[in-house]
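Each chain, letter by letter, is given below.
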Amino acid sequence: MSRRPARVSPPVRALEDPSLAALVVASHPLPAVTGGSALLDVDGRLLAIHDDAFRVSWIDRASFAVTPLMLLGDGAPLAKPDKPDFESAVRTPDGAVHVLGSGSTEKRCFVARIDPGNSVALRHRPALYRAIQKALGSGERPNIEGAVVVNERLRVFNRAAGRTPNASVDLPLAALHGREPRVLAVQLFELGTLEGVRLGFTDVAALPDGRNVFLAAAEDAPDAIADGPVTGSVVGLLEQTASGVGARWTRLLGGDGRPSPYKVEGIAIDRNVRDGWLLTDSDDPRVPAMLLRVELRGFALPRVEAP
């Protein structure tokens, strides 16, 4: 019996919202972290994902000490054609962390599972990325940069490049465990531009109330593999509204109130939704990632006073 094709929803147009603000209030260089590409809060520790190595790094939030965890071999940085391009991470209800490659080349289709005891299982999952590529419909390979769990679904976020759009793609959560990677739904997004350069998703984090906070960067690159000059980054919200999915964002500002030059690729939000952490990627293996403390305004839901 043939399956119905995944439902593709019309593009959601994101708007810049002056009621939102994201301000960098502190920065901490991480000499042991290069290619910072995603960030996850795991029981009070931060997990930094590297796009240039089979390695992740645990970060102590008080001392900023870094403890590496090897996913394969010695975890050393690799040349661009050989790197796994891990770009997103998600924690499933069983407590395991899953680290996903972008899928932008055949070598970038690895998924790593990290169990609570730090045991690692690494799998090459090209079928998962072929299913996503087919659903996006551009003919180009996907470029997965963020992921969240929504009930029994895995929702991954594709970063626009070439003809491939910004989009979220829903699959059964069991696809992470090797089950059939069937696409359930696709939501397209038009995030807008910064100084004429198209914004593309770089990470997404789930909030306790069901909303999502996203990062997007404006990088002038022709495809998912090439690097290019970065105009800036934004921090935004994805939320359900009366008319469907809504998306709005604010430009990331430095401590001087000017637009931040950083390309941010990882985000972890405090439970108060008023503060968080960002991870930068310079696309230069000689330059370490920066861990940024960010103050958020307008992202937390208004408090409702008891009668």
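Residues numbered from 1 in each chain as written. Predicted model: local features only at pLDDT ≥ 70, side-chain atom pairs only at ≥ 80, totals over all residues. Heavy atoms only, no water.

Draft legend 1. Structural detail: helix 1 (residues 126-136). Here helix 1 has its buried residues at Pro126, Leu128, Tyr129, Ala131, Ile132 and Leu136. Positive phi appears at glycine 137, one or two residues downstream of helix 1, with a value of about 75 degrees. (Buried < 20%, exposed > 50% of the residue type's maximum accessible area, 1.4 Å probe, protein only. Helix = DSSP H or I, 4+ residues; strand = E, 2+ residues; numbered from the N terminus.)

Draft legend 2. Representation of the pattern of salt bridges. Summed over the entire model, instances satisfying the criterion amount to 27 salt bridges. For arginine 248, the salt bridge identified is with aspartate 17, shortest N-O distance 2.6 Å. Of this pair, arginine 248 sits in strand 20 (residues 244-253) while aspartate 17 sits in the loop between strand 2 (15-16) and strand 3 (21-30), and the two are 231 residues apart along the sequence. Given the relative accessible area of 15%, aspartate 17 is considered buried. (Salt bridge = Lys/Arg side-chain N within 4 Å of Asp/Glu carboxyl O.)

Draft legend 3. Structural context of the pairing of strand 8 (residues 86-91). Across the 6 residues that make up strand 8, a large majority, 5, are buried. Note that strand 8 and strand 9 (residues 97-101) share 5 bridges and pair antiparallel. By the bridge assignment for strand 9, alanine 89 is matched with valine 99. (Pairing = 2+ DSSP bridges.)

Draft legend 4. Highlighting the environment of aspartate 256. Along the chain, aspartate 256 turns up in the loop between strand 20 and strand 21 (264-269). Taking the relative accessible area as the measure of exposure, aspartate 256 reaches 55% and is therefore exposed. In this structure, the C-alpha to C-alpha distance between aspartate 256 and arginine 91, residues 165 residues apart in sequence, is 35 Å. A polar atom in the side chain of aspartate 256 sits 2.9 Å from the backbone nitrogen of arginine 258. (Polar contact = N/O pair within 3.5 Å; in protein donor to acceptor, adjacent residues only side chain to side chain.)

Draft legend 5. The arrangement of unusual backbone geometry in detail. Even without being a glycine, aspartate 85 presents a positive backbone phi close to 55 degrees. Looking at the secondary structure, you find aspartate 85 in the loop between strand 7 (66-70) and strand 8. The class of aspartate 85 is buried, set by a relative accessible area of 3%. Phi angles above zero are rare outside glycine, and valine 273 is one such case at about 55 degrees. By secondary structure assignment, the location of valine 273 is in the loop between strand 21 and strand 22 (275-280). When its relative accessible area of 6% is taken as the criterion, valine 273 is described as buried.

Draft legend 6. Examining the packing of aromatic side chains more closely. Applying the stated rule across the entire model yields 6 aromatic pairs. On the basis of an interplanar angle of 85 degrees and a centroid distance of 5.4 Å, the ring pair of phenylalanine 54 and phenylalanine 110 is categorised as edge-to-face. Of the two residues, phenylalanine 54 is situated in the loop between strand 5 (45-50) and strand 6 (55-59) and phenylalanine 110 in strand 10 (residues 110-114); the sequence distance between them amounts to 56 residues. Since its relative accessible area comes to 9%, phenylalanine 54 is described here as buried. With centroids separated by 5.5 Å and ring planes inclined at 85 degrees, the aromatic side chains of phenylalanine 201 and phenylalanine 214 adopt a geometry described as edge-to-face. Taken together, the residues span a long stretch of sequence, with phenylalanine 201 in strand 17 (residues 197-206) and phenylalanine 214 in strand 18 (residues 212-219) at a distance of 13 residues. In this structure phenylalanine 201 comes out as buried when scored by relative accessible area, which is 0%. Among the aromatic residues, ring-to-ring pairing joins Phe157, Phe189, Phe201 and Phe214 into one connected group. (Phe/Tyr/Trp six-rings, centres within 6.5 Å; stacked < 30°, edge-to-face > 60°.)

Draft legend 7. Region of interest: the sheet that holds strand 5. Across the sheet, which stays open at both edges, the 4 strands sit in the order 4-5-6-7 with antiparallel pairing between neighbours. Where the open sheet ends on each side, the last strands, each with one partner, are strand 4 (36-42) and strand 7. Each strand axis lies, on average, 25 degrees off the axis of its neighbour in the sheet, ignoring direction. In this sheet, strand 6 lies alongside strand 5 in antiparallel orientation, the contact comprising 4 bridges. By the bridge assignment for strand 6, leucine 47 is matched with tryptophan 58. (Axes fitted to C-alpha atoms, helices over the stretch in contact; angles between N-to-C directions.)

Remember that the coordinates give geometry; whether it matters functionally is a separate question.
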